[in-house]
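Fold and contact review
Listed here are the chains, written in short residue letters.
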Amino acid sequence: MKEPLAYRLRPKYLHEIIGQQHLVSSGCVLQKCVEKKKLFSMILYGPPGTGKTTLASVLANELNIRYRLFNAVTGNKKELDQIFAQAKLESGLVLIIDEVHRLNKDKQDLLLPYVENGTIIMIGATTSNPLHAINPAIRSRCHLFEVKPLTVNDIKLALQRAIHHPDGLADQVTITDEALDIIANHSNGDIRYALNILDICAVTCEDTITKDTIYQFTQIPNRSTDSDGDGYYDVLSAFQKSIRGSDVDAALYYLGLLIEANDMDSIERRLLVTAYEDIGLGNPAACARCVQAVDVAKRVGFPEGRIPLAHAVIDLCLSPKSKSGELAIDAAMQTLRHTSYSVPSYLRLTPVHMKEEDKYDYGRSDLWSKIQYLPNQLKDMQFYHPQTNSAYEKVLAQNLEKLRQTKRSNDLAQLKRKYPKG
C-alpha cells in the first residue's frame, strides 16, 4: 500500500524544509548546528502539522546520527531500556519524543541521567506551551525553539512541490489557482492537513483539482480550537484583548470561533470578566447588560444564543473603559500582603471594655463620613484612583475629591464633642 502523500514528501535535508526560516536559514541556530556538527537537546513547540518531528529527524540525518522515535503517551519502560542500551553502543543517539509534555515522572527519572551526560540527545516535540506544560527538570536540560505555523505562501509552495515531485503526484494531475488558494487558506498553517486534502482530491478528480473537488471533502477551515490545546486559549486571549482594545470586528470574529467550538462556558466567563475588569466603572450599566445577555444566551442555547452574545460584545467594545476597580483592589491586596494591622477597636463587631463615648454610634449618620476606617498605620493610603473616561466615573471622582478633603479621625469621643447630636 502506498504511503500518504505527506509521509512520502517528508524532507530529509534542511534545505528541503518549508518555512521556519528563523531556525533553518543561513546564520540561524539549527543551520549553525549542522555546519558545526554539534547538536543539543531541545524542545520544538508549535501547532500541529508545522514539521516539529520532521525537523528533528532532518537534524539527525544531516549530522549522520542514528535516531529513535518514542511517544511519551504510548511508549513504555521496556522500550526506553532498549533505547538506552542502543545509545551506549552507538557513538551518539538522538531520541525524538512526540508529546513530550505527557512524559510521566517514572519515564523522566529513567531518561534524565542519559540526557544529562550526553549519552542521548533528546529532541522533544509538543503542541503545548513548554513554559506551562513541560516539567522543569526536562525543560532545564533543553533549549526551547518555536516552530511557527506556515504562511499561506508556504503552504502553496508545498502543494505545488507535491504536484510536481516524483515521489508526490508526479504531474499526474493539475490544480487551479482558485483550488490552491482554498486549500492554503483552509489549512491554518498545517502542512500535513493541506497535503492530506491534496492527496484525496488527486484520487477523486479526473485531471484537474478544482474548487468543487475540494468541497466534496472539506468546507470548514482547519482551526486550532480544541479546548485542550494552546491554540484555543490563544483565541480566548485574543477575544478579551479585542474587546479591551475596542476592536468590535475582531471581537466578533473571535466570538464566532468560540461559538463554532460550542463553548458557552468559556464565552460566559470571558465576557463577564472582561465587563468588570476592562469596562468596569467606565460604564456599569454595560456590565449589567452583559450579565443579562449571557443569561439569555444560556437559556436559549445555540444557535440563537449568538445574538445576545453579539449584542454584549458590541456594547462592551464601544463602551468607555476603566480598570480603576481592578487596580484599586489589587493595590489594597498588595498592601495587606506586606502588612498586618488590627481593625480599629471602635469598628469591631463587639468591642469590649470601651467607654460609651468611644464606641461607634449607629445613630450618628452625620459622623460616618468623618470617621477613620483604615488602621492608623495606613490612614493616608489611597487605593482607588478614578479614571475619567466616562461621565459616570467623573461624577465618582468629584464626589471622592470632596470626601478626601474631609480629615477623618479615629478619636470618636472628640468627634462627638465637636459635632454634638443635634
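Scroll up a little and you will see the structure.
Residues numbered from 1 in each chain as written. Predicted model: local features only at pLDDT ≥ 70, side-chain atom pairs only at ≥ 80, totals over all residues. Heavy atoms only, no water.

**Focus on the overall build of the chain**
What the chain contains, in helices and strands, is 20 helices and seven strands. By the compact-globule yardstick of 22 Å for 422 residues, the chain is too spread out, its C-alpha radius of gyration being 31 Å. Along the longest, intermediate and shortest principal axes, the C-alpha atoms of the chain span 100 × 55 × 40 Å. Among the 422 residues that make up the chain, the fraction classed as buried is 41%. For the chain, the share of sequence-separated contacts (at least 6 apart) that also reach a separation of at least 24 residues comes to 74%. (Helix = DSSP H or I, 4+ residues; strand = E, 2+ residues; numbered from the N terminus. Rg over C-alpha atoms; globule rule 2.2 N^0.38 Å. Buried < 20%, exposed > 50% of the residue type's maximum accessible area, 1.4 Å probe, protein only. Contact = heavy atoms within 4.5 Å.)

**Description of the layout of surface pockets**
Put simply, the second largest pocket is a space of about 760 Å³. Lining the second largest pocket are 34 residues, with Ala6, Arg10, Pro11, Thr54 and Ile191 positioned closest to its centre. The biggest single contributor to the lining of the second largest pocket is helix 4 (residues 52-62), with four residues. For the lining of the second largest pocket, the residue count by class is 15 nonpolar, nine polar and ten charged. (1 Å grid on protein atoms, 1.4 Å probe; cavity = no way out; pocket = protein on both sides within 12 Å on 5 of 7 lines; lining within 4 Å. Points joined across faces, edges and corners; volume = space filled by probe spheres on them. Nonpolar A, V, L, I, M, F, W, Y, C, P; charged D, E, K, R; others polar.)

**Quick notes on the sheet that holds strand 1 (residues 42-45)**
Read from one edge of the open sheet, five strands run 2-3-4-1-5, paired in parallel fashion. Lying at the two open borders of the sheet, with one neighbouring strand each, are strand 2 (66-71) and strand 5 (143-146). The sheet shows a mean angle of 20 degrees between the axes of neighbouring strands, direction not considered. Here four bridges tie strand 1 to strand 5, and the two strands are oriented parallel to one another. Bridge pairing links Met42 to His143 in strand 5. (Pairing = 2+ DSSP bridges. Axes fitted to C-alpha atoms, helices over the stretch in contact; angles between N-to-C directions.)

**Quick notes on the nonpolar core**
Leu159, Ile175, Leu195, Leu198, Ile209 and Ile214 are the most contacted members of the largest nonpolar core, which has 29 residues in total. Looking at this core, the elements that each hand over two or more residues are helix 1 (5-8), helix 9 (152-164), helix 10 (177-186) and helix 11 (191-204). No other element matches helix 11, which puts eight residues into this core. When neighbours within four sequence positions are excluded, Ile209 is seen to be in contact with Val173, Thr174, Ile175, Thr176, Ala179, Leu198, Cys201, Ala202 and Ile214. Counting residues in each nonpolar core, the second largest holds 25 residues, with Leu255, Ala286, Ala293 and Val313 among its members. (Core = buried A, V, L, I, M, F, W, Y, C linked by side-chain atoms within 4.5 Å.)

**A word on the environment of Asn117**
Tracing the backbone shows Asn117 in the loop between helix 6 (105-116) and strand 4 (120-126). Residue Asn117 is classed as exposed on the basis of its relative accessible area of 53%. Within polar-contact distance, the side chain of Asn117 engages the side chain of Thr119 at 2.5 Å. (Polar contact = N/O pair within 3.5 Å; in protein donor to acceptor, adjacent residues only side chain to side chain.)

**A few points about the environment of Gly46**
Tracing the chain through its elements places Gly46 in the loop between strand 1 and helix 4. Setting aside residues up to four positions removed in sequence, Gly46 forms contacts with Lys52, Thr126, Thr127 and Val147.

**Focus: unusual backbone geometry**
Here the amide bond leading from Phe302 into Pro303 is cis, since omega sits at 10 degrees, within 30 degrees of zero. Within the element layout of this structure, Pro303 appears in the loop between helix 16 (284-300) and helix 17 (306-317). Of note in the backbone geometry, Lys37 takes a positive phi value of approximately 50 degrees without being a glycine. Relative to the helices and strands, Lys37 is located in the loop between helix 3 (29-35) and strand 1. The class of Lys37 is exposed, set by a relative accessible area of 65%. You will see that Asn262, though not glycine, has its phi angle at about 60 degrees, which is positive.

**Examining the side chain of Thr53**
For Thr53, the position within the fold is in helix 4. A relative accessible area of 18% places Thr53 in the buried class. Those residues in contact with Thr53 that sit more than four places away from it in its chain are Leu69, Ile96, Asp98 and Ala125.

**A closer look at empty space enclosed by the protein**
Tallied over the full model, the rule gives one cavity of 30 Å³ or more. Approximately 40 Å³ is the volume found for the largest cavity. If you trace the largest cavity, you find it lined by Tyr360, Asp361, Arg364, Leu367, Trp368, Ile371, Leu412 and Lys416. Its residues assigned to classes, the lining of the largest cavity comprises five nonpolar, no polar and three charged.

**Focus on a nonpolar patch on the surface**
A cluster of nonpolar side chains, namely Ile329, Met333 and Leu336, defines an oily patch on the protein surface of about 270 Å² accessible area. Along the chain, Ile329 falls in helix 18 (residues 324-338). A relative accessible area of 45% means that Ile329 is categorised as partly exposed. (Patch = residues over 30% accessible without salt bridge, like charges linked within 9 Å, V, L, I, M, F, W, Y side chains within 5 Å. Areas by Shrake-Rupley, 256 points an atom, 1.4 Å probe, with all protein chains shown as cover. Salt bridge = Lys/Arg side-chain N within 4 Å of Asp/Glu carboxyl O.)

**Looking at the pattern of salt bridges**
Within this structure, the stated rule accounts for 17 salt bridges. For Glu268, the salt bridge goes to Lys298, with nearest N and O atoms at 3.1 Å. Taken together, the positions of Glu268 in helix 15 (residues 264-279) and Lys298 in helix 16 put the pair 30 residues apart, joining distant regions of the chain. Using a relative accessible area of 44% as the deciding quantity, one classes Lys298 as partly exposed. As a salt-bridge pair, Asp278 and Lys323 come within 3.0 Å of each other at their nearest N and O atoms. Here Asp278 is found in helix 15, whereas its partner Lys323 is found in the loop between helix 17 and helix 18, with 45 residues between them in sequence. With a relative accessible area of 1%, Asp278 lands in the buried category.

**Some details on the packing of helix 9 against helix 11**
One way to put it is that helix 9 packs onto helix 11 with a least axis distance of 10 Å and a crossing angle of 40 degrees. Taken together, helix 9 and helix 11 sit at an angle that is classed as oblique. The hand of the helix 9/helix 11 crossing is right-handed. Between helix 9, through Ile155, Ala158, Leu159, Ala162 and Ile163, and helix 11, the contact on the second element is made entirely by Ile191, Ala194, Leu195 and Leu198. (Parallel < 35°, antiparallel > 145°, perpendicular 65-115°, else oblique. Left-handed = near helix turned anticlockwise from the far one by under 90°.)

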